[in-house]
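Reading the structure
Now for the letters of each chain:
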Amino acid sequence: MITQQPRPARQSPASPVLATPPAAPPDAAAYFAARLAFHTDVADVHTALTAGATDFVVVDSRSTAAWDQGHIPGAVHLPTARIPADAPQLLDPEVPVVVHCWGPGCDGATRAALALARLGYRVKEMLGGIEYWIREGYPTETWQGTRTRPADPLTAPVGAGECGC
């Protein structure tokens, strides 16, 4: 009877994915927990608003022209440049803020979040901004009324309404 000997494991060079090894699990857990303390996504915001959540306020930091094109129903319009002057009149410092701007290619929400944090507000940035809010098929308001576009199948499950994460 002929038996085969197991072949020794061949060491291949590290892939680009693992050229920098993953963090140790406790470090990874700390990082991801911290990341979630700073960010939320459009699906979670939509789900919370639809359920009637009042434990946070959405702030749209875009210009008036952008706001007029369409905004999240119930959001507060507070352009970044106006935050130092207007935030105390528009926002309760005890209520956390979820801020957004145009989308992933824009750091306006990050600048707005920084300005709000410097004023003492607890703040999260909504990943994807209004772009992904619209692309996931959620409603926007304008002076003409509410508008909902079909979900983009590249960003949201068609017909499901939520990302399913």
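Quick caveat: nothing in here was measured; it's all calculated off a predicted structure.

It is worth spelling out the overall build of the protein chain at this point. Each helix and strand in the protein chain was counted, giving 6 helices and 7 strands. Along its sequence from the N terminus, the protein chain presents helices and strands in the succession α-β-α-β-α-β-α-β-α-β-α-β-β. For the protein chain, buried positions account for 31% of its 165 residues. Roughly 10,800 Å² of accessible area belongs to the protein chain as shown, and the carbon and sulfur atoms make up 59% of that amount.

Attention now goes to the nonpolar core. Membership of the largest hydrophobic core comes to 17 residues, with the highest contact counts inside it found for Val59, Ile83, Ala87, Leu91, Val97, Val99 and Leu116. Looking at this core, the elements that each hand over two or more residues are strand 2 (57–60), helix 4 (83–90), strand 4 (97–100) and helix 5 (108–118). Looking at this core element by element, the count peaks at 5 residues for helix 5. Aside from chain neighbours lying at most four places away, what touches Val97 is Val57, Val59, Leu91, Leu116, Tyr121, Arg122, Val123 and Lys124. In terms of nonpolar packing, the next biggest core, distinct from the first, is built from 13 residues, Ala43, Val45, Met126 and Tyr138 among them.

Inspection of every chain in the model, using the stated rule, returns 5 salt bridges. Notably, a salt bridge pairs Arg82 with Asp86, separated by 2.9 Å at the nearest N-O pair. Note on Arg82: relative accessible area 41%, which makes it partly exposed. The class for Asp86 is partly exposed, based on a relative accessible area of 23%. A salt bridge links Arg135 to Glu131; its shortest N-O distance comes to 3.1 Å.

So, how was this worked out
- Residues numbered from 1 in each chain as written.
- Predicted model: local features only at pLDDT ≥ 70, side-chain atom pairs only at ≥ 80, totals over all residues.
- Heavy atoms only, no water.
- Helix = DSSP H or I, 4+ residues; strand = E, 2+ residues; numbered from the N terminus.
- Buried < 20%, exposed > 50% of the residue type's maximum accessible area, 1.4 Å probe, protein only.
- Areas by Shrake-Rupley, 256 points an atom, 1.4 Å probe, with all protein chains shown as cover.
- Core = buried A, V, L, I, M, F, W, Y, C linked by side-chain atoms within 4.5 Å.
- Contact = heavy atoms within 4.5 Å.
- Salt bridge = Lys/Arg side-chain N within 4 Å of Asp/Glu carboxyl O.

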